[in-house]
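An overview of the molecular structure
Okay, here's what each chain looks like letter by letter:
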Amino acid sequence: TPIEAIVLTDSRYREAAELAANSSPWQVVVCEGDPWVRAIVMAAEAAPAALLGNWLNGPKDGIIEITQLADGTLQGRIVGGAHPGRKDANNPDAALRDRALRGQVIMRGLKHDGGSRWSGGKIYDPDSGSDYKCYIELQSDGTLKMRGFIGFSLLGKSQTWTRYTGTSMDLP
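Counting restarts for each chain: residues are numbered from 1 in the order of the written sequence. In view of the model being predicted, local features appear only for residues whose pLDDT reaches at least 70, and side-chain atom pairs are presented and counted only at 80 or more, with totals across whole chains, interfaces and linings using the full set of residues. Remark: hydrogens and water are excluded; side-chain values derive from all non-hydrogen atoms of the structure.

**Quick look at the sheet that holds strand β7 (residues 117-125)**
Strands belonging to one sheet form pairs held by backbone hydrogen bonds; the direction of such a pair is parallel or antiparallel. If DSSP finds at least two bridges between two strands, the strands pair. Secondary structure elements follow DSSP: runs of H or I of four or more residues count as helices, runs of E of two or more count as strands, with numbering from the N terminus. Taken together, eight strands build a closed barrel; the order of strands is β3-β4-β5-β6-β7-β8-β9-β10 and the barrel is antiparallel. With direction set aside, neighbouring strand axes in the sheet form an average angle of 35 degrees. The pairing of strand β9 (residues 144-149) with strand β10 (residues 156-163) spans six bridges and is antiparallel. Directly across from M146, in β10, lies its bridge partner Q159. Fitted lines through C-alpha atoms give the axes, limited to the stretch in contact for helices. The angle between two N-to-C directions lies from 0 to 180 degrees.

**Focus on the side chain of N91**
Structurally, N91 is set in the loop between β5 (74-81) and β6 (105-114). Buried residues are those whose accessible area, probed at 1.4 Å on protein chains only, stays under 20% of the maximum for their type, while exposed residues exceed 50% and partly exposed ones sit between those limits. Given the relative accessible area of 6%, N91 is considered buried. Counted as a polar contact is a pair of N or O atoms within 3.5 Å, where, for protein atoms, one must be capable of donating a hydrogen and the other of accepting one, and residues adjacent in sequence contribute only when both atoms are in side chains. Here D88 takes part through its side chain, which lies 2.8 Å from a polar atom of the side chain of N91. A distance of 2.8 Å separates a polar atom in the side chain of N91 from the backbone nitrogen of D93. A contact between two residues is defined here by any heavy atoms of the two lying within 4.5 Å. If we skip the residues at most four places from it in the chain, N91 touches L96, R97, R99, Y124 and G129.

Shown next as structure tokens:
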């Protein structure tokens with residue numbers, strides 16, 4: 001796994017580091033003392049840091065919160081959207097069709113491949129009621145590419161997710 005942190009040892013660079021941390025998938029660490037020790041400690045945590053938080057899905061009708069579990073995998077949960085009372089009406093399990101979609105984990109099991117890519121997971125599509133294999137990849141412009149597929153990634157569909165910075169979990 002490549003080191004995914006930039007270490008700046010001079011406190012004069014603190015402002016530049018803060019700007020870079022807000023606009024880059026890299027984690028920036030400003031430290032004094034032994035930079036190699038801190039770089040090694042931070043490298044393990046750097047990869048998911050830019051992915052965690054709220055994302056607006058491709059159709060811009062759902063807010064997905066990406067979190068990291070204790071085992072290191074990432075998951076995504078519906079925390080908001082344009083249809084707050086929407087039920088899981090297309091779920092293949094009839095017993096689950098009356099549950100609210102908000103609060104449901106729809107993306108799970110994503111493992112870090114290195115760099116800004118996470119794969120090996122599954123994503124649930126509430127519109128079809130189907131689970132698909134998926135991967136996510138943080139793009140250089142700060143967006144998130146999410147690809148769901150059956151079998152091979154060539155047989156699938158991609159969405160571009162954008163960071164959601166709003167405060168309301170109800171979209172217009």
